[in-house]
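Summary of the model geometry
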Amino acid sequence: MDLALWIAAGLLAAVALVGGITKTFIPKERLAAQHGGEWIQNVSVGFVKTLGILEFLAAVGLILPAALDIAPVMVPVTAFCWILLMVGAMVTHGRLGQFKLVMVNSVYLLLAAFIAGGHLAT
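Residues numbered from 1 in each chain as written. Predicted model: local features only at pLDDT ≥ 70, side-chain atom pairs only at ≥ 80, totals over all residues. Heavy atoms only, no water.

1. A word on helix H5 (residues 99–121)
To keep things clear, this is the line we draw: Numbering goes from the N terminus for both helices and strands, where a helix is a DSSP run of H or I of at least four residues and a strand is a run of E of at least two. To estimate the expected span of a helix, subtract one from its residue number and multiply by 1.5 Å. Note on exposure labels: buried denotes an accessible area under 20% of the residue type's maximum, exposed denotes more than 50%, and partly exposed covers the range between, all computed with a 1.4 Å probe on protein chains only. Contacts were defined at the residue level, with two residues in contact if any of their heavy atoms lie within 4.5 Å.
Its 23 residues give H5 an end-to-end C-alpha distance of 32 Å, which sits within 8% of 33 Å, the value for a rise of 1.5 Å per residue. The complete set of buried residues in H5 reads Val102, Asn105, Ser106, Leu109, Ala112, Ile115, Ala116 and Gly118. Lining the buried residues of H5 we find helix H1 (2–25), helix H3 (45–68) and helix H4 (74–95).

Shown next as structure tokens:
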């Protein structure tokens, strides 16, 4: 079970890291031009960058607390926060009719739920 939690956390951290770097450093116009980035047209640059920073922090929070054994309770807390983020993403993509992206976000949500539940159970 421990190995499965590490693999799940690593995968989700990689997703969060890529999303965080993308939203933080790529210009809003370029993000909005990509498939799935249509939602960006309706929000401010600050909002996009804030989401990017939160995703970067999620990547850190999914790995480092458990790896360093410093406040390991932060891993399920981070996973729960990721669940909330994915609910927002699913609603946003659903409103735009992007149901494939809703499914992708639901997979990320389930992965985060597995991580949160697994860490709380141990």
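2. Concerning a nonpolar patch on the surface
Test applied: Patches in this entry comprise residues that are over 30% relatively accessible and not in a salt bridge; like charges within 9 Å are linked, as are nonpolar side chains (Val, Leu, Ile, Met, Phe, Trp, Tyr) within 5 Å. Accessible areas in this description were obtained via Shrake-Rupley with a 1.4 Å probe; residue shielding takes into account the shown protein chains only. Salt bridge, as used here, is a side-chain nitrogen of Lys or Arg placed within 4 Å of a carboxyl oxygen of Asp or Glu.
A surface patch of nonpolar side chains, amounting to about 1,000 Å² of accessible area, comprises Leu17, Ile21, Phe25, Ile53, Leu54, Phe56, Leu57, Val60, Leu64, Leu68 and Ile70. Those elements that provide at least two residues to the nonpolar patch are H1 and H3. Here the nonpolar patch gets seven residues from one element, more than from any other, and that element is H3. By the element assignment, leucine 68 lies in helix H3.

3. Some thoughts on the nonpolar core
Note the following rule: Remark: nonpolar core denotes a set of buried residues (Ala, Val, Leu, Ile, Met, Phe, Trp, Tyr, Cys) joined through side-chain atoms within 4.5 Å.
Core analysis: the biggest nonpolar cluster contains 18 residues, and Leu12, Leu62, Ala79, Trp82, Ala112 and Ile115 have the highest contact counts within it. Breaking this core down by element, the ones donating at least two residues are H1, H3, H4 and H5. Broken down by element, this core gets its largest block of residues, six residues, from H4. Apart from residues no more than four positions distant in its own chain, tryptophan 82 is found in contact with Leu12, Val15, Ala16, Glu55, Ala58, Tyr108 and Ala112. With six residues, the next largest nonpolar core counts Leu31, Ala32, Trp39 and Leu51 among its residues.

4. A short note on the pattern of salt bridges
What the rule picks out here adds up to one salt bridge. The salt bridge involving lysine 23 is made with glutamate 55; its shortest N-O contact spans 2.9 Å. Placement of the pair is lysine 23 in helix H1 and glutamate 55 in helix H3, with a sequence separation of 32 residues. With respect to class, lysine 23 is no different from glutamate 55; both count as buried.

Remember that the coordinates give geometry; whether it matters functionally is a separate question.
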